[in-house]
Every structure is written in C-alpha cells, then in structure tokens.
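# Notes for the structure review
Next come the chains, spelled out residue by residue.
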Amino acid sequence: MTVNNKAETPKLVDRFGRSVDYVRISVTDRCDFRCVYCMSEQMKFLPREQVLSLEEIEQVARAFVELGVTKIRLTGGEPLVRRGIDQLLHKLGRLQGLNELVLTTNGSQLTKLSEEMKAAGVKRINVSLDSLREERFNRITRTGKLNQVLAGIDEAIRVGFERIKLNAVIMKGRNDDEVLDLVNFARQKGIDISFIEEMPLGNIEHERQETYCSSDEVRALIEPHYALTSASDRTAGPSKYYRMADSDCRIGFISPHSHNFCHECNRVRVTVEGRLLLCLGNEHSMDLMSVLRHHPGDLDRLKQTIIDAMDLKPEKHEFDLEAEPQIIRFMNMTGG
Ligand code: SAM
Ligand code: SF4
C-alpha cells in the first residue's frame, strides 16, 4: 500500500488481515509513582532530546488519523505530568476523523486537570487503582498518595466523562484480598473496573511468578458474591467484560497470559522515543523519530513508514514468567 490522495481513508492492514484503527501513544516515560510491577526503584529516565516533542507527537497522531485510525489513547509513564499535555489534548481533540481520544492515568493530577481534559474532548479515562488501603497503596506505588487519587476519581466523576474505568493489577499476597473491595468501590461510584494480569515487562525487584494472579483466579474471588454474565458489548481494547445483575458497572479482565487476544488485535503503540511498536510482547518496531527529525514536516513520508511497518506486526505474543524477561523495556516506556 502507498500513500495516495484519493478521497477515501486508507486503512492500515497487517499480513494477517487485521485492521489497525487504534494507537496508544506514550507521551512521557516519567511518572510521579514507582509502582512495583511497572518500575524498578532506581529508574533512570530518558534525556529530553530522546523523547518525542509535543509537536512530534501531534504529527504522529495526525499521520495515524489520516491513515484511518479512529481511537488514540495517551499513556506513559504518567501522561498528566508531561508539561503542555493540556495543549496537546486540545490539538488532538480537533483532529478530523478521530472518534475517541482517551487516556490512562494514575489519577494523581485529576483534581487539577479533569475539567481541561473534558473540554479538550477526552471522552473516557482509565484510572489505575490497586488498593484502597493507604499504607498498602503506598507500598505498591512507592510514592503515591491514595487520598489524592480518590479525590481525583471524584473530580473525574463530577466533570462527567462518558466512561471512567479503574484498572487494577492484582498480585498474590499483595492485594488479592482486595478484589471484592475494589469491585464494591466501583459499584458504589458507578464506574467500571478491569483486572489486569501482571506482565513480565522490564526487570523489577519481585519475582513475578510468585505474585502472578490469573484472571480466572480473580474471577473466582468475585463470583461467590456477584454472578457474572458475559457482556455482549465489545470495546476496541483487550478487556473481556462481564455484568452483574444489580448494577450498571462492568467488570473487565485483561488476560495477556491466560486468554490470548492476539487474533483480534487492532492496535499498535508508539513509545516515548518514537518507536512504533507492533506488539506489546515482541520487539518488532519501526523508528518514527528518525523520520520526524530527518524529514521534518513530511507527513506523507511518515505515513508511508507507518504503512510499511504493518508488515512487521507479528501474529501473537508469548509471555513466559519462568524465563528471564524477554522484554527488557519497562511498561512506562512502552505505554500500557
Ligand atoms: N501511569 C498511568 C497509569 O498507571 O495508569 C499510565 C501508564 S501505566 C504503564 C498503564 C497501565 O499499565 C496501568 O494500569 C498499570 O497498572 C499497567 N501496568 C504497568 N506495568 C504493568 C505490568 N508489568 N503488567 C501489567 N500491567 C502493568
Ligand atoms: Fe507510573 Fe503508571 Fe507505571 Fe505506576 S503503572 S509507575 S503510575 S507509569
């Protein structure tokens, strides 16, 4: 496929016939938290010149939207600690053809930024929350403050995003006894919740095979209390959703280990260094930063590079908790 100027929107399609219409862009590798499953205690962050500028991120987003992408998720690191994020959101919110501008956050800045995000056109947000107990929240996030995040969630509810979803990574012996409390919290707030299986991305301090908790195990903790029926609604993401009889809240499970969803993968990622990553669990990538920096303003070249990269998208990922981490990059670099 080559870039052309025909009226119809070109589609990004890989070798296995999967259309890509969803991009996750990591806008920073930095974060005000140091979650134990995501970062090591002594994280080193990239020098500024190795990180895409806000203008470069906007160009990447524009190229994808012109290639038929309809959904963009900004993530990181913590996207809301990047200076100028509010202006970027406003620019992306105006891109013709982009139906959904969404964001994943740790919630720490939501009291300050929710209004601005909503005004920019952000429709849905995911907020990570792994514990409702202050001391434990502190142990998992190392530097996070629970009250700040809870206030942020309340502010997000107040400004009225179309949908708010909590994301919780459940770890054995760390927070698996809070699964039900987290479900009840979501029910009480009238928001959704997804449980994520821990993935072996980056070298961290704990043994992941000891903390790994499968989606089936999490589900088994919920089902004695709430019968779960499979929800027919699909989203563009990897969550499999369930409903409870007496609530509008949905419970999702993101199961990269136990329920492989690669066959329906419709997304790619752009790392903070401008690497177009074709699969979360593989290293296949294309360097967009060099195109942006060697050919500034050449949107057609950028689009052609993205089209060519589709041939690199692998069929599926394999995660092996027993082996040495195959993926050295951390989740904050990749964009979760
Ligand atoms: N800082 C934001 C946040 O925490 O929501 C956005 C970036 S974070 C990398 C995105 C999501 O990835 C979060 O929900 C986080 O819990 C999840 N995550 C990070 N490391 C993970 C890992 N090793 N396995 C599974 N999920 C992980
Ligand atoms: Fe920061 Fe999000 Fe990683 Fe936690 S999961 S350290 S909040 S990027």
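Residues numbered from 1 in each chain as written. Chains lettered and ligands numbered in written order. Predicted model: local features only at pLDDT ≥ 70, side-chain atom pairs only at ≥ 80, totals over all residues. Heavy atoms only, no water.

## Quick look at the overall build of the chain
Along the chain, the regular secondary structure elements total eleven helices and 14 strands. A total of 336 residues make up the chain; the buried ones form 57% of that total. Within the chain, counting contacts between residues at least 6 apart in sequence, those at least 24 apart form 74% of the total. (Helix = DSSP H or I, 4+ residues; strand = E, 2+ residues; numbered from the N terminus. Buried < 20%, exposed > 50% of the residue type's maximum accessible area, 1.4 Å probe, protein only. Contact = heavy atoms within 4.5 Å.)

## Some words on the site of ligand 2
For ligand 2, the full set of nearby residues is C31, F33, R34, C35, C38, M39, G77 and N106. When grouped by side-chain class, the residues that make up the shell around ligand 2 number five nonpolar, two polar and one charged. (Near = heavy atom within 4 Å. Nonpolar A, V, L, I, M, F, W, Y, C, P; charged D, E, K, R; others polar.)

## Considering the site of ligand 1
Close contacts around ligand 1 come from 19 residues, with Y37, G77, T105, S128 and M199 the closest. A distance of 3.0 Å separates a nitrogen atom of ligand 1 from a polar backbone atom of Y37. Between ligand 1 and M199 there is a distance of 2.7 Å, counted from a nitrogen atom to a backbone nitrogen or oxygen. Look at ligand 1: alone it shows 540 Å² of surface, and the protein chains cover 96% of it. Mapped by element, the contributors of at least two residues to the shell around ligand 1 are β5 (100-105) and β7 (163-169). (Polar contact = N/O pair within 3.5 Å; in protein donor to acceptor, adjacent residues only side chain to side chain. Areas by Shrake-Rupley, 256 points an atom, 1.4 Å probe, with all protein chains shown as cover.)

## A short note on the packing of helix α6 (residues 179-189) against helix α8 (residues 215-222)
Two numbers describe how α6 lies on α8: the axes approach to 9 Å, and their chain directions differ by 70 degrees. On the basis of their axis angle, the class for α6 and α8 is roughly perpendicular. Our pair here, α6 against α8, has a crossing hand that is right-handed. Of the residues in α8, those in contact with V179, L180 and V183 of α6 are V218, L221 and I222. Within the contact of α6 with α8, the residues separate by chemical class into six nonpolar, no polar and no charged. (Axes fitted to C-alpha atoms, helices over the stretch in contact; angles between N-to-C directions. Parallel < 35°, antiparallel > 145°, perpendicular 65-115°, else oblique. Left-handed = near helix turned anticlockwise from the far one by under 90°.)

## Re the packing of aromatic side chains
Counted according to the given criterion, the structure contains three aromatic pairs. On the basis of an interplanar angle of 70 degrees and a centroid distance of 5.7 Å, the ring pair of Y242 and F253 is categorised as edge-to-face. Here the residue Y242 occupies a position in strand β10 (residues 240-244), and F253 occupies one in strand β11 (residues 250-254), the gap between them amounting to eleven residues. With relative accessibility at 11%, the residue Y242 sits in the buried group. Members of the aromatic cluster, each reached through a chain of ring pairs, are F195, Y242 and F253. Directly above the aromatic system of Y242 lies the positively charged group of K240, at a separation of 5.1 Å from the ring centroid. (Phe/Tyr/Trp six-rings, centres within 6.5 Å; stacked < 30°, edge-to-face > 60°. Lys NZ or Arg CZ within 6 Å of the ring centre and 35° of its normal.)

## Some remarks on the layout of surface pockets
The calculated volume of the largest pocket comes to roughly 380 Å³. For the lining of the largest pocket, the per-class residue count stands at five nonpolar, three polar and six charged. (1 Å grid on protein atoms, 1.4 Å probe; cavity = no way out; pocket = protein on both sides within 12 Å on 5 of 7 lines; lining within 4 Å. Points joined across faces, edges and corners; volume = space filled by probe spheres on them.)

## Some thoughts on the side chain of N106
Among the secondary structure elements, N106 is positioned in the loop between β5 and α3 (110-120). On the basis of relative accessibility, which here comes to 7%, the residue N106 falls in the buried class. A polar atom in the side chain of N106 sits 2.9 Å from the side chain of D32. Ignoring anything within four residues of it in the chain, the contact list for N106 reads C31, D32, F33, E78, V127, S128 and V149.

## Topic: the environment of E155
Its place among the elements puts E155 in helix α5 (residues 146-159). Separated by 44 residues in sequence, E155 and T111 place their C-alpha atoms 5.6 Å apart. With residues up to four places along the chain from it excluded, the contact list for E155 reads L110, T111, S114 and E115. Of note is the side chain of E155, whose polar atom sits 2.9 Å from the side chain of R158.

## Thoughts on the pairing of strand β12 (residues 267-270)
Where burial is concerned, the two faces of β12 agree: the one with R267 and R269 and the one with V268 and V270 are both buried. Where β12 meets strand β13 (residues 275-277), two bridges bridge the pair, whose relative direction is antiparallel. Each residue of the ladder has a partner; that of V270, found in β13, is L276. (Pairing = 2+ DSSP bridges.)

## Description of the sheet that holds β12
If you trace the twelve strands from one edge of the open sheet to the other, you get β9-β10-β11-β8-β7-β6-β5-β4-β3-β12-β13-β14, paired in mixed fashion. On the outer flanks of this sheet lie β9 (228-230) and β14 (285-287), each paired with one strand and no other. Taken pair by pair, the neighbouring strands of this sheet meet at an average axis angle of 25 degrees, ignoring direction. Across three bridges, the pairing between β13 and β14 is antiparallel. Note that in β14 the partner of L276 across the bridge is M286.

In short, the description is geometric, and any link to function would need to be established separately.
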